[in-house]
Amino acid sequence: MSWTNCTVPTEFTLVGLSDVPSFQTALFVMFFSIYLITILGNMTIIFVYRRSSNLHTPMYFFLANFSFLDMCYISTTVPNMLSNFLSKHKTISYYGCVFQLYFLMLLGSTECYILTAMAYDRYNAICHPLLYITIMNTVSCTNYIIASWFIGIINATIHTTLTFTLPFCGSNRINYFFCDIPPLLNLAYADTWTNELATFVIGGLVTQVSFALTIISYANIISTMLKMRSNSGQKKAFSTCVSHFIVVAIFYGSGIFIYLKPKSNYIMEQDKLVAIMYTVVAPLLNPFIYTLRNSDIKTALRQIAYRTLAT
């Protein structure tokens, strides 16, 4: 069959995490709980940031933006997955698949550079404390956010366009729980070499450059911390950086594993488990890492609670 005579499918069937019927309800309860906790946790961070003037600093400005991204990011995949857990027909429309991939790429790429901005913020706070207010001023912080979204838009547009110009003539069954580049390339009825190269080169630049900049910031932070004479200052700086780096390691590690490998190495069953790490687990951990380990946010929460009860 010539791919030029292909009929564009109206929908795709998503296999999901498991095709065992008895598991569907248990999976629904588990992922619905994770989704609810993630949304409420990240909304709390944004709410506390907006209500507490003490948190109107570059660090919490980036954190509030990161929390907003996390809510959007997990909402790109999980609601459709939850719906499919309870449905006999686990489908997503063709254009629903297009939009899902676009926003997944957009939000994921944007998160990469906001994580980099957060690392750069901590670098200036710890390594250049006297110049911190000058370097991380309101205009600079806003520009970092805008630049992150701009990179995300370019990356998402390129990958989505390249992926959906491929013909899908055969099966419309995607062995995954959302529309992503690797399973869609496996489904394409054409040579995907150009797409693989674009994923490796462009995706590599987006992730590797932001990851390298993040690592450089943390390397300088660690070097400065080791020179600190104050144990309390060293402990506080170390605690903050460790929590940030946990998010970085999970997000980048799982993302690099999925996207920066050739098509011949795609193993969908294995990749599904890794994909859960950056699409579900990473957004879930954000509120816990940045609130339970953060005395400023816990103090702000108590103050807001006291003010609310007093009125």
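The following refers to the structure shown. One numbering rule holds for all chains: residues counted from 1, following each sequence as written. With pLDDT at 70 or above as the cut-off, local features in this predicted model cover only qualifying residues; side-chain atom pairs require 80 or more to be listed or tallied, and sums for whole chains, interfaces and linings still use all residues. As a rule here, side-chain values come from all non-hydrogen atoms in the structure, and water together with hydrogens is ignored.

**Focus on the overall build of the protein**
Inference 1: Secondary structure follows DSSP: runs of H or I at least 4 residues long count as helices, runs of E at least 2 residues long count as strands, and numbering of each begins at the N terminus. Regarding its fold elements, the protein presents 10 helices and three strands.
Inference 2: Helices (α) and strands (β) of the protein occur, in sequence order from the N terminus, as β-α-α-β-α-α-α-β-α-α-α-α-α.
Inference 3: Computed over the C-alpha atoms, the radius of gyration of the protein is 21 Å, within 12% of the 19 Å expected from 2.2 N^0.38 for a compact globule of 311 residues.
Inference 4: Taken over the C-alpha atoms alone, the protein extends approximately 70 × 45 × 30 Å along its principal axes.
Inference 5: In this analysis, two residues are considered to be in contact whenever any of their non-hydrogen atoms come within 4.5 Å of each other. If you take every contact in the protein between residues at least 6 apart in sequence, the share linking residues at least 24 apart comes to 81%.
Inference 6: Put simply, the protein shows about 15,300 Å² of open surface, and 68% of that area lies on carbon and sulfur atoms.
Inference 7: Think of it this way: Lys and Arg go in the positive column, Asp and Glu in the negative one, and His and the chain ends go nowhere. Lys charges are placed at NZ, Arg charges at CZ, Asp charges at CG and Glu charges at CD. Considering the protein, the positive charge centre built from 17 side chains and the negative charge centre built from 11 side chains are found 16 Å apart. C-alpha atoms define the radius of gyration in this analysis, and the globule rule sets the expected value at 2.2 Å times the number of residues to the power 0.38. Computed with a 1.4 Å probe, the accessible areas rest on the Shrake-Rupley method; for each residue, only the protein chains presented here act as cover.

**Points about a nonpolar patch on the surface**
Inference 1: Surface patches are defined over residues having more than 30% relative accessible area and no salt bridge, joining like charges when they lie within 9 Å and nonpolar side chains (Val, Leu, Ile, Met, Phe, Trp, Tyr) when within 5 Å. Any carboxyl oxygen of Asp or Glu within 4 Å of a side-chain nitrogen of Lys or Arg constitutes a salt bridge here. A contiguous nonpolar patch, built from Trp193, Leu197, Phe200, Val201, Leu205, Val209, Leu213 and Ile216 and spanning about 760 Å² of accessible area, is present on the exposed surface.
Inference 2: Here Leu197 lies in helix H7 (residues 193-226).

**A look at the state of the cysteines**
Inference 1: A pair of sulfur atoms, both from cysteines and within 2.5 Å, is called a disulfide here. One pass over the full model with this rule turns up one disulfide.
Inference 2: Shown here is the disulfide that connects Cys97 with Cys179, its sulfur atoms set 2.0 Å apart. Measuring handedness by torsion sign, the sulfur bridge of Cys97 and Cys179 sits at about -120° and is left-handed. Taken together, the residues span a long stretch of sequence, with Cys97 in helix H3 (residues 94-127) and Cys179 in the loop between strand S3 (173-174) and helix H6 (181-187) at a distance of 82 residues. An identical accessibility class is assigned to Cys97 and Cys179; each is buried.
Inference 3: No disulfide involves Cys141; its sulfur sits 16 Å from that of Cys127, the nearest cysteine. Residue burial is assigned from relative accessible area. The probe radius is 1.4 Å, only protein chains are included, and a residue is buried under 20% of its type maximum, exposed over 50%, and partly exposed in between.

**A word on the sheet that holds strand S2 (residues 91-93)**
Inference 1: At least two DSSP bridges between two strands are required for those strands to pair. Spatially, S2-S1-S3 is the arrangement adopted by the three strands of the open sheet, whose pairing is mixed. The sheet terminates laterally at S2 and S3, the two strands that pair on one side only.
Inference 2: Looking at chain direction, strand S1 (residues 11-14) and S2 are connected through three bridges and run antiparallel. Each bridged residue has a counterpart across the sheet, and for Phe12 the counterpart in S2 is Ile92.
Inference 3: Here the axes come from fitting lines to C-alpha atoms, over the contacting stretch only for helices, and the angles between their N-to-C directions go from 0 to 180 degrees. Relative to the sheet, H3 contacts S1, S2 and S3, its axis offset from that of S2 by approximately 85°.

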